[in-house]
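A closer look at the structure
Each chain, written out:
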Amino acid sequence: MTNPYEAPLSDPVAARPTRVRYLVAAIAVLLAVVTYLDRACISVLKSDIAGDLSLSDKQMGWVFSAFALAYAIFEIPTAWWADRMGTRRVLTRIVIWWSVFTMATAGAFNYVSLLVTRFLFGMGEAGAWPSVARTFSRWIPRGQRGTVQGIFFAGAHFGGGITPIIVLAMTQFVGWRTVFLLFGMLGFVWAAVWYAWFRDDPEEHPAVNAAELQIILAGRQAGGGHHASWAYWRRLFGHRNMLPLCLMYFPNSFAFYFCITWLPTYLKEKHGMEAAALGLFAGMPLLLSIVSDIFGGVATDWGVARFGLRWGRVGVGAAAYLVAGLGMILAGVVTAPILAASLIAVATAASMFTLGAAWGTCIDVGGDHSGVVSAAMNTSGQIGSLISPVLVIYLVDWCGDWSVPLYLMGILFLVGTVSWLFVDPRRPIFD
């Protein structure tokens, strides 16, 4: 039988690489957009939901954290499953699950039902990002991974950035329950396309020719097998890269979750912003992050080519975190509303500048286990997401000042700057 990947390269058509890997990346970016539409809309609808269900700000804080708690608990197990079973089936399950519970949020009738629904939503969405990292480890050449990761997160932040604008426009015509129903339907379309078209490895996809396959496989780490023993987990969590990776990622998610939960409330209560300005400035951190994501991904790949793997990842990450820390602290000091909102947006975008470097590092050190490695890092981030909504509202209650959470986030970013310096992408976790 003729091997379709052994077409003679003397044939001009066969010699020209196909570009299926770019379509894989594009479909992943669409996933990122849908994810953040579903995830971020609840913060914009907070007042409507709380008023309808008679919930306090503290109860809404726990609702926000219920998602992050479930996400943190199930992140590593789901990613381990994706490493073993492949992301075609696992991502399909993830998207269908979270879409069901996005729609189920519309049926919440009291505090407990909303809390349970959002926990189940987080449980279903857990593992999505590590599964994408695993997909990129199989489909994207090493020299392009930072850029592709940056574009992927740009899609996520585009979705989150336009969510306040879309939701505020929709609520002029429909109630908050209908918004959840409509957003939930999008995931079913994505899941159907993904399962029908995608393949776990480029070797299995009929549209990939020999020339593209050669590009993808160049520089790919050799597979180390899959393990379920305690030695596997000791190797993972005992490796010198894991602790600084996890410490570094904690403030990223802590600050980001502040932006998609309490930022609209902060702008309204601290600075008295009205609806028109509120929609713009609440979405600004995510919209500005779109550009930051892409340039951060390009910067880390350029840095790797120019300065080597370690400083191409670490240098980008540490420098951007330093800007994020200083920007967030200054946002707490200034009193001008637009300047404070702009500094928060710049600080958040600077932190997102590191995403290509952070997730690229997970693929660098993880290889065939990129799902689990990135899940471990992202679990630390989800702990930050879990703590952020509750701690922020309690800090404001105790101190009577919305600037205190900003100071805390600034300090966390400075700690993350130091943590970056202990990461070494040249040292793989699994040989």
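Before any of the text, the structure's been laid out above.
Residues numbered from 1 in each chain as written. Predicted model: local features only at pLDDT ≥ 70, side-chain atom pairs only at ≥ 80, totals over all residues. Heavy atoms only, no water.

A word on helix α13 (residues 263-271)
Quick note on the threshold: We call a residue buried when its accessible area falls under 20% of the maximum for its residue type, exposed when it is over 50%, and partly exposed in between, using a 1.4 Å probe and counting protein chains only. We count a stretch as a helix when DSSP gives it H or I for four or more residues in a row; a strand needs E for two or more, and each element gets its number in order from the N terminus.
What α13 keeps buried is the set Leu263, Pro264, Thr265, Tyr266, Leu267 and His271. Note on α13: the residue one or two positions beyond its end, Gly272, has a positive phi of about 65°.

Let's talk about the environment of Thr135
Formally: In this analysis, two residues are considered to be in contact whenever any of their non-hydrogen atoms come within 4.5 Å of each other. Here a polar contact is taken to be a pair of N or O atoms separated by no more than 3.5 Å, where protein atoms must pair a possible hydrogen donor with a possible acceptor and residues adjacent in sequence count only if both atoms sit in side chains.
In this structure, Thr135 sits in helix α7 (residues 128-139). Counting along the chain gives 102 residues from Thr135 to Val33, while the straight-line C-alpha distance between them is 17 Å. Ignoring anything within four residues of it in the chain, the contact list for Thr135 reads Val24, Thr87, Leu91, Trp194 and Phe198. Here the side chain of Thr135 touches Ser131 through a polar contact of 2.9 Å, landing on its backbone oxygen.

Comments concerning the packing of aromatic side chains
Put simply, the rule is: Any two rings among Phe, Tyr and Trp, with Trp reduced to its six-membered ring, count as a pair given centres within 6.5 Å; such a pair is stacked if its planes are under 30 degrees apart, edge-to-face if over 60, and tilted if neither.
Under the criterion given, the structure shown has 26 aromatic pairs. Ring plane angle 40° and centroid distance 6.0 Å describe the contact between Trp139 and Phe198, whose orientation is recorded as tilted. With Trp139 in helix α7 and Phe198 in the loop between α9 (176-197) and α10 (210-217), the pair connects residues that are 59 residues apart, well separated along the chain. The exposure classification of Trp139 matches that of Phe198, with both residues buried. Ring centres of Tyr232 and Trp233 lie 4.9 Å apart, and the angle between their planes is 90°; this geometry places the pair in the edge-to-face category. There is no split in this pair, since Tyr232 and Trp233 are both buried.

Notes on the nonpolar core
Put simply, the test is: Residues grouped as a nonpolar core are buried Ala, Val, Leu, Ile, Met, Phe, Trp, Tyr and Cys residues, joined through side-chain atoms within 4.5 Å.
Ranked by internal contacts, the top residues of the largest apolar core, which has 125 residues, are Trp129 and Phe258. Among the elements that take part in this core, helix α2 (residues 20-44) stands out by supplying 14 residues, more than any other. Those residues in contact with Trp129 that lie beyond four places of it in its chain are Ala32, Thr35, Tyr36, Tyr71, Phe152, Phe153, Ala156, Trp359 and Asn378.

Considering the pattern of salt bridges
The condition that has to hold: Salt bridge criterion: a side-chain nitrogen from Lys or Arg within 4 Å of a carboxyl oxygen from Asp or Glu.
Scanning all chains against the criterion turns up 13 salt bridges. In this structure, Arg142 engages Asp364 in a salt bridge whose closest nitrogen and oxygen atoms are separated by 4.0 Å. With Arg142 in the loop between α7 and α8 (145-170) and Asp364 in helix α17 (residues 355-366), the pair connects residues that are 222 residues apart, well separated along the chain. By relative accessible area, Arg142 is classed as partly exposed at 32%. Note on Asp364: relative accessible area 4%, which makes it buried. Where Arg313 meets Asp364, a salt bridge forms, and the shortest distance between an N and an O atom there is 2.8 Å. Pair noted here: Arg313 is in helix α15 (residues 309-333) and Asp364 is in helix α17, with a separation of 51 residues, a long-range link. Just as Arg313 is buried, Asp364 falls in that class too. A cluster of three or more residues bridged by salt bridges with shared partners is formed by Arg142, Asp301, Arg313 and Asp364.

Examining unusual backbone geometry
With a phi close to 60°, Ser54 is a non-glycine residue in the positive phi region. As for its position among the elements, Ser54 is in the loop between α3 (46-53) and α4 (57-85). You can call Ser54 exposed: its relative accessible area is 62%.

Comments concerning the environment of Ile338
Relative to the helices and strands, Ile338 is located in helix α16 (residues 337-352). Taking the relative accessible area as the measure of exposure, Ile338 reaches 52% and is therefore exposed.

Some details on empty space enclosed by the protein
This is how it is decided: Any residue with an atom within 4 Å of a point lines the site, the site being either a cavity, points on a 1 Å grid over the protein atoms alone where a 1.4 Å probe fits but cannot get out, or a pocket, an open set with protein on both sides within 12 Å along at least 5 of 7 lines. Grid points are joined across faces, edges and corners, and a volume is the space filled by probe spheres set on the points. Each residue is assigned to one of three groups, with Ala, Val, Leu, Ile, Met, Phe, Trp, Tyr, Cys and Pro labelled nonpolar, Asp, Glu, Lys and Arg labelled charged, and all others, Gly among them, labelled polar.
Applying the stated criterion across every chain yields a total of four cavities of 30 Å³ or more. Here the largest cavity is characterised by a volume of approximately 140 Å³. Lining the largest cavity are 15 residues, and of these Tyr36, Arg39, Tyr249, Ser253 and Phe256 lie nearest its centre. With five residues, the top contributor of residues to the lining of the largest cavity is helix α12 (residues 242-261). By residue class, the composition of the lining of the largest cavity is eight nonpolar, six polar and one charged.

Comments concerning a nonpolar patch on the surface
So the rule is basically this: Patch building starts from residues that exceed 30% relative accessible area and form no salt bridge, then joins like charges within 9 Å and nonpolar side chains (Val, Leu, Ile, Met, Phe, Trp, Tyr) within 5 Å. All accessible-area figures derive from a Shrake-Rupley calculation using a 1.4 Å probe, and residue coverage is judged against the displayed protein chains alone.
Side chains of Trp302, Phe307, Trp311, Val418, Leu421 and Phe422 sit close together on the surface and give an oily, nonpolar patch of about 700 Å² of accessible area. When you line up the elements, Val418 lands in helix α19 (residues 403-420). A residue is classified by how much of its surface remains accessible, and Val418, at 46% relative accessible area, is partly exposed.

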